[in-house]
Structure formats: structure tokens, C-alpha cells
Amino acid sequence: MSDQHAADEPAARQVGDFLEQRREQIAQRWADATLFRAVFTVSRDEAVEACRVVVEALTQVAYSGRLEDIEAPGFEVVRDQLGRMSASLTRTGYSPAQIAGEVAGLRPSALELLRGEFPDPRGPESTESVLALTVLLDTLRLVVMETALSEGEEVISRQRQQLLEVATPVINLWEGVVAVPLIGTLDSARSQVVMESLLEAIVDQRARYAILDITGVPTVDSLVAQHLMKTVAAARLMGAECIVSGIRPAIAQTIVHLGIDLGSVLTRASLADALAYALSQQGIQVSPSTGAGVSPR
């Protein structure tokens, strides 16, 4: 143990005693802080209880003497309690920096109570304890910021997944016929969403034909072709015949130049052609309509 750590240990224990004895007063003050008030909007009692949990966790950290260690056991409880709060604040538009700022706002009320514990608020003993509590609360801020950043990444990931799903809708064109009109780049993540959405639609709609329309896909390389082949194979395993439509001349030339074999894949020039094929296979004939305003002879 270093001399510095040994010197800090009495102050850390004193902070632990203070947090244990003044838990209720601190919880009552913190319950009115923006950090807790913004989350617990219905009942103040819930905010007070959440504050008690945080104070108890900080007490455990103080007694351990690991004031600057974000991995100290007591901070696990803080991550759980404030992690849920950070998630709630993140969803309402708070940034990690703003959340960390709200945590820093807890410091003044706690330090005020701590100074009141000493006959001489400016004496050496008081100064050391105030410094120890300040270090502890700064570490708390780091823990909360880390949790908020992690939650922010999860929110971004969920939003990205939702955008992928919105960008790859499955359309029920006819009884037994579903289609996925693809627009934009088809990467691995999006291809997985396409496959999952299409297979779910095949089951839900009891579809016998599934159309993958790539009219809006700008380029087709070997990776995109591989994704298409996997999706076609998966649809077949589900009992549906898969048709790829919208292969433009430029894309057809690229496929030939790359030596990609799509011989086992049923293709059609357009989505309309693919739908007409699927309907004809079910005994439904589609005839062109007569021009408007032309009277029959």
C-alpha cells in the first residue's frame, strides 16, 4: 500500500461514516435535483428511494477505500440504478455530457452537509474529508458517463435496426405473393434483415412466391449476389419460389463480367413481369386493359 493511499484511508472511512449517517438527508436533497426529478416525474418518494440506493452504494465504495476506481464493487449498483435513469434521459434527448453535468450537480448539497459535520469547516480534517468526497463523486460522474455512452450506443444500434427494417418493407402483392423492393446498397446487415423479414412474411402470408426486386440497387458485386443467392435458397427451404426482378442491362453485364452464376435463380426484367409470372403459375391470367375513352366496336 502506498503512503498516499494510507494517508487517504482515514478520510475515505470518514466519508463512509458520513454517507451512512446522513443517508436520508442526502437522499432528500438529491431527490430534488434535475437528474432524479427528470426521471421520477410521478412520485417524489420513488426519487428519494433511488437516491438512497445510490448513497448506500457510494458508502460501500468509500469504506473500500477505492475512491478513484470505477470498478469498485459498490459502483455496480450505481451502474444498475443510474444506468436505467441514463437510458430514460437519453431517450428524452439528453447527451452523455449533459447527464454527467447533472451528476456533478449533486456535489454541492453533499459537500455542504459534510462541512457541517466539523467544528472548523476549514480545518485540515474537514478539508481532507471534503477532498475525499469530491474524488468519490467525480468517480461517480465517470461511471455514469460511461454508462450513458454505452446506452447511447445501444439506442443508436436500435435506431439503425429500425431504419433497416423500414427501408426493407415486405409487400403483400397478391394472395400467395409477397415482394421486397430493395433500394440502395445491400450490405451484410441489411441482407440479414431482408432475409428475416421475407421469411417471416412467407410464413405469415403463406406465400408460395417471393419477389426480390433490385431495380433500386445501384450496383451488384459478388457480395451482393451472394446475399441474393442465400435469400433465394432460404425462401425455397420455406416452400416458396423466389424470383429476382429488376436486373438492368448494366447490372446484367456486371454479373457476366464477374462470372457470377445465377442460372439456378428465376429472374424477370421488372417487378410487373415477376408478378405476372407468379399469378400465371396460380392459373391467373393478366390481360392489358383497353385504352380509356375507346368505345368497343
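Coordinates for the structure precede this section.
This report concerns the structure included in the present document.

Quick notes on the rules
Residues numbered from 1 in each chain as written. Predicted model: local features only at pLDDT ≥ 70, side-chain atom pairs only at ≥ 80, totals over all residues. Heavy atoms only, no water. Axes fitted to C-alpha atoms, helices over the stretch in contact; angles between N-to-C directions. Helix = DSSP H or I, 4+ residues; strand = E, 2+ residues; numbered from the N terminus. Parallel < 35°, antiparallel > 145°, perpendicular 65-115°, else oblique. Left-handed = near helix turned anticlockwise from the far one by under 90°. Contact = heavy atoms within 4.5 Å. Nonpolar A, V, L, I, M, F, W, Y, C, P; charged D, E, K, R; others polar. Pairing = 2+ DSSP bridges. Buried < 20%, exposed > 50% of the residue type's maximum accessible area, 1.4 Å probe, protein only. Salt bridge = Lys/Arg side-chain N within 4 Å of Asp/Glu carboxyl O. Lys, Arg positive; Asp, Glu negative; His and termini not counted. Polar contact = N/O pair within 3.5 Å; in protein donor to acceptor, adjacent residues only side chain to side chain. 1 Å grid on protein atoms, 1.4 Å probe; cavity = no way out; pocket = protein on both sides within 12 Å on 5 of 7 lines; lining within 4 Å. Points joined across faces, edges and corners; volume = space filled by probe spheres on them.

## Structural notes on the packing of helix H9 (residues 188-205) against helix H10 (residues 222-237)
Okay, step 1: H10 packs onto H9 with a crossing angle of 20° between their chain directions and a minimal axis gap of 10 Å. By the angle between their axes, H9 is roughly parallel relative to H10. Note that H9 runs across H10; the crossing there is right-handed. Along the contact surface, H9 presents Ser188, Ser191, Met195, Leu198, Leu199 and Ile202, while H10 presents His227, Lys230, Thr231, Ala234 and Ala235.
Okay, step 2: Across the contact of H9 with H10, the residue classes tally to 6 nonpolar, 4 polar and 1 charged.

## Considering the sheet that holds strand S5 (residues 266-268)
Okay, step 1: The strand order S1-S2-S3-S4-S5 describes an open sheet built from 5 strands, whose pairing is mixed. Across the chains shown, the open sheet's two edge strands, defined by having one partner strand only, are strand S1 (171-174) and S5. Looking at each pair of strands side by side, their axes are set apart by 30° on average, direction ignored.
Okay, step 2: Packed onto the sheet, H9 meets S1, strand S2 (177-183) and strand S3 (209-216) and runs at close to 165° relative to S2.
Okay, step 3: In the packing of helix H12 (residues 271-281) onto the sheet, contacts are made with S1, S2, S3, strand S4 (241-245) and S5, and the angle to S3 comes to roughly 170°.

## Side note on unusual backbone geometry
Trans is the prevailing form of peptide bonds, just as negative phi is the prevailing case for residues other than glycine.
Okay, step 1: You will see that arginine 206, though not glycine, has its phi angle at about 50°, which is positive.
Okay, step 2: In this structure, arginine 206 sits in the loop between H9 and S3.
Okay, step 3: The class for arginine 206 is exposed, based on a relative accessible area of 73%.

## What about the pattern of salt bridges?
Okay, step 1: Inspection of the entire model under this criterion finds 8 salt bridges.
Okay, step 2: A salt bridge links glutamate 56 to arginine 23; its shortest N-O distance comes to 2.2 Å. Of this pair, glutamate 56 sits in helix H4 (residues 44-64) while arginine 23 sits in helix H2 (residues 23-30), and the two are 33 residues apart along the sequence.
Okay, step 3: We note a salt bridge from aspartate 138 to arginine 107, for which the minimum N-O separation is 2.4 Å. With aspartate 138 in helix H8 (residues 124-167) and arginine 107 in helix H7 (residues 107-115), this pair connects stretches of sequence that are 31 residues apart.

## Quick word on the side chain of aspartate 213
Okay, step 1: Checked against the element boundaries, aspartate 213 lands in strand S3.
Okay, step 2: Comment: no salt bridge for buried aspartate 213; closest opposite-charge side chain is arginine 248, at 8.3 Å.
Okay, step 3: At 3.0 Å, the side chain of aspartate 213 forms a polar contact with the side chain of threonine 215.
Okay, step 4: The residues contacting aspartate 213, other than those within four sequence positions of it, are Val180, Pro181, Leu182, Ser245, Gly246, Ser270 and Leu271.

## Quick word on empty space enclosed by the protein
Okay, step 1: One pass over the full model with this rule turns up 2 cavities of 30 Å³ or more.
Okay, step 2: Approximately 50 Å³ is the volume attributed to the largest cavity.
Okay, step 3: Lining the largest cavity, in full, are Ile214, Val220, Ala225, Leu228, Val244, Ile247, Ile255 and Leu262.
Okay, step 4: Residues belonging to the lining of the largest cavity are distributed by class as follows: 8 nonpolar, no polar and no charged.
Okay, step 5: Roughly 30 Å³ of volume is contained in the second largest cavity.
Okay, step 6: Considering the residues around the second largest cavity, the lining is formed by Leu182, Leu186, Ser191, Val194, Leu212, His227, Leu228 and Thr231.
Okay, step 7: At the level of secondary structure, the elements contributing two or more residues to the lining of the second largest cavity comprise H9 and H10.
Okay, step 8: Looking at the lining of the second largest cavity residue by residue, the class counts come to 5 nonpolar, 3 polar and no charged.

## Some words on the environment of tyrosine 277
Okay, step 1: Along the chain, the position of tyrosine 277 falls in helix H12.
Okay, step 2: Given a relative accessible area of 16%, tyrosine 277 falls into the buried group.
Okay, step 3: Each C-alpha atom of the pair tyrosine 277 and tyrosine 209 lies 9.6 Å from the other, and the pair is 68 residues apart in sequence.
Okay, step 4: Among the polar contacts listed, one links the side chain of tyrosine 277 to the side chain of glutamate 241, at a separation of 3.2 Å.

## Details of the side chain of serine 109
Okay, step 1: Here serine 109 is to be found in helix H7.
Okay, step 2: Among the polar contacts made by the side chain of serine 109, one reaches the side chain of tryptophan 30 at a distance of 3.2 Å.
Okay, step 3: In contact with serine 109, other than residues within four places in its own chain, are Arg29 and Trp30.

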